[in-house]
Amino acid sequence: MDKARRGEGVAVLVPCYNEAVTIAKVVDDFRRVLPEATVYVYDNNSSDGTAALAAAHGAVVRFESRQGKGNVVRQMFRDIEADYYLMVDGDDTYPAEAAPDLLAPLAADEADMTVGDRLSNGSYGEENDRAFHGFGNDLVRFLIKAIYGYAFEDVMTGYRAFNRVFVKTMPVLSEGFQIETEISIHAVDKRWRIVDVPIAYRDRPEGSYSKLSTFGDGARVLRAITSLFKDYRPFAFFGWVALVFLLLGLVTGVPVIAEYLATDYVSKIPSAVLAVALVLCGALSITAGIILDTVAKSHRKQWEVEVYEAYRRAR
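Note that the structure is predicted; figures quoted are calculated from it, not measured.

Asker: What is the right way to read the overall build of the protein chain from this model?
Answerer: Looking only at helices and strands, one finds 12 helices and seven strands in the protein chain. Dimensions along the principal axes, computed over C-alpha positions, put the protein chain at roughly 85 × 45 × 35 Å. Taken across its 315 residues, the protein chain has 47% of its residues classed as buried. Across the protein chain, the fraction of contacts at a sequence separation of at least 24, relative to all contacts at a separation of at least 6, is 76%. Roughly 15400 Å² of accessible area belongs to the protein chain as shown, and the carbon and sulfur atoms make up 60% of that amount. Looking at the protein chain, you have 35 positive and 42 negative side-chain charges, and the mean spots of the two groups are 5 Å apart.

Asker: Help me understand the pattern of salt bridges, please; the structure alone is not making it clear to me.
Answerer: If charged atoms from side chains of opposite charge come close, those side chains can pair. The tally for this structure, following the rule as stated, stands at 20 salt bridges. The residue Arg300 makes a salt bridge to Asp189 at a minimum N-O spacing of 3.2 Å. Here Asp189 lies in helix H9 (residues 179-189) and Arg300 lies in helix H12 (residues 269-314), a separation of 111 residues in the sequence. Residue Arg300 is classed as partly exposed on the basis of its relative accessible area of 22%. With a relative accessible area of 1%, Asp189 lands in the buried category. A salt bridge links Glu309 to Arg313; the nearest nitrogen and oxygen atoms lie 3.7 Å apart. Here the residue Glu309 and the residue Arg313 both occupy positions in helix H12, the gap between them amounting to four residues, near one helical turn. Taking relative accessible area as the criterion, Glu309 reaches 30% and is therefore assigned partly exposed. Look at the salt bridges and you will find they share partners, linking Lys25, Asp29, Arg32, Asp92, Glu97 and Arg202 into a network.

Asker: What exactly am I supposed to notice about the environment of Val276 here?
Answerer: Tracing the sequence through the fold places Val276 in helix H12. Residue classification places Val276 among the exposed residues on the basis of a relative accessible area of 52%. Taking C-alpha positions, Val276 is 9.3 Å from Leu250, a pair spaced 26 residues apart along the chain.

Asker: Honestly, helix H11 (residues 234-263) in this entry has me stumped. Any pointers?
Answerer: One turn of the α-helix equals 3.6 residues, which is why residues spaced by three or four share an orientation. If you check H11, its first and last C-alpha atoms are 42 Å apart, about what 30 residues at 1.5 Å a residue would give, namely 44 Å. The largest bend in H11 comes to about 35°, at Gly253, with the proline Pro255 one to four residues further on. For H11, the set of buried residues is Pro234, Phe237, Phe238, Ala242, Gly249, Thr252, Gly253, Val256 and Glu259. At the C-terminal side of H11, Asp264 shows a positive phi close to 60°.

Asker: I keep staring at the layout of surface pockets and nothing clicks. Help me out?
Answerer: One water molecule sets the probe size; rolling that probe over the atoms shows where empty space is left. Roughly 350 Å³ of volume is contained in the second largest pocket. Breaking the lining of the second largest pocket down by element, the ones donating at least two residues are H9, helix H10 (214-232), H11 and H12. Among the elements that make up the lining of the second largest pocket, the one with the highest residue count is H12 (six residues). For the lining of the second largest pocket, the class distribution of residues is 10 nonpolar, two polar and five charged.

Asker: Just to check I follow, could you spell out H12 for this structure?
Answerer: The terminal C-alpha atoms of H12 lie 66 Å apart, and with 46 residues this matches the ideal 68 Å at 1.5 Å per residue to within 8%. Within the span of H12, buried status applies to Ala275, Leu278, Gly282, Ser285, Gly289, Asp293, Ala296, Trp303, Val307 and Ala310.

About the cut-offs
- Residues numbered from 1 in each chain as written.
- Predicted model: local features only at pLDDT ≥ 70, side-chain atom pairs only at ≥ 80, totals over all residues.
- Heavy atoms only, no water.
- Helix = DSSP H or I, 4+ residues; strand = E, 2+ residues; numbered from the N terminus.
- Buried < 20%, exposed > 50% of the residue type's maximum accessible area, 1.4 Å probe, protein only.
- Contact = heavy atoms within 4.5 Å.
- Areas by Shrake-Rupley, 256 points an atom, 1.4 Å probe, with all protein chains shown as cover.
- Lys, Arg positive; Asp, Glu negative; His and termini not counted.
- Charge placed at Lys NZ, Arg CZ, Asp CG, Glu CD.
- Salt bridge = Lys/Arg side-chain N within 4 Å of Asp/Glu carboxyl O.
- Expected span 1.5 Å × (residues − 1).
- Bend = angle between axes of the 7 residues up to and from the residue.
- 1 Å grid on protein atoms, 1.4 Å probe; cavity = no way out; pocket = protein on both sides within 12 Å on 5 of 7 lines; lining within 4 Å.
- Points joined across faces, edges and corners; volume = space filled by probe spheres on them.
- Nonpolar A, V, L, I, M, F, W, Y, C, P; charged D, E, K, R; others polar.

Bear in mind that shape data such as this cannot, by itself, settle questions of function.
What follows is the structure, encoded as structure tokens:
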């Protein structure tokens, strides 16, 4: 634990896009708190001199031309070799002083991922003045709880730490800000050990602007949740789709059946055809869910074997 607290074997990952106002302080703070860690700043097409400032303050600077935070994180995970990874935004909203607390459960082998929780102590609500951000976080938390049964304290935080095996077996598919949601769902679905660590949050300093679009990126996050639900839990996903089709089929077909029982005649031929089609769609949906669930379980078994191999190489 002491080695992790000093930063030995720790890579601090800082994805950046136009953070010239804050990046120098972020790099200085993490080099001070974790003196033996390597701070990596990945510049994502900044036009304000972010990369030069980061390099001048001692960070290892690399460049990612594909726009989007997810693309940057994917390349970081591929490129960087370390025992522990600490991911933080370059906007100076997360305190470097919390880094040892995030790393401690990993070093003690009590967690595979730690999450910097801005919500439980109320600091996010006090500092953040952007409308709907808190609502969006709560909505995503609710959906993950409903689908996967795990209640994150703060699912959208950009301050997290991971052990090596988690990073090297994490398939990053997201391109943008939905990366936090993807990592969270992956961790829950694959039953990684997760620890929430309360942190103090501070809003961006004057002159620093968020690149997050509340509604645009919010819609992307919801699409990501839906897509990952389909991929990770296909039986449940297509089961719900089948239920919707069957209910619509019943609503359409019950009047037809009632007419037939009363008169031995069906006058609503289009309704009858539609009801049969809806029920058949429901049957096809549940069949697809069963088949894809078998495929998903096979992939999960293969992934578990890959995790064992990753642990073996890490020793």
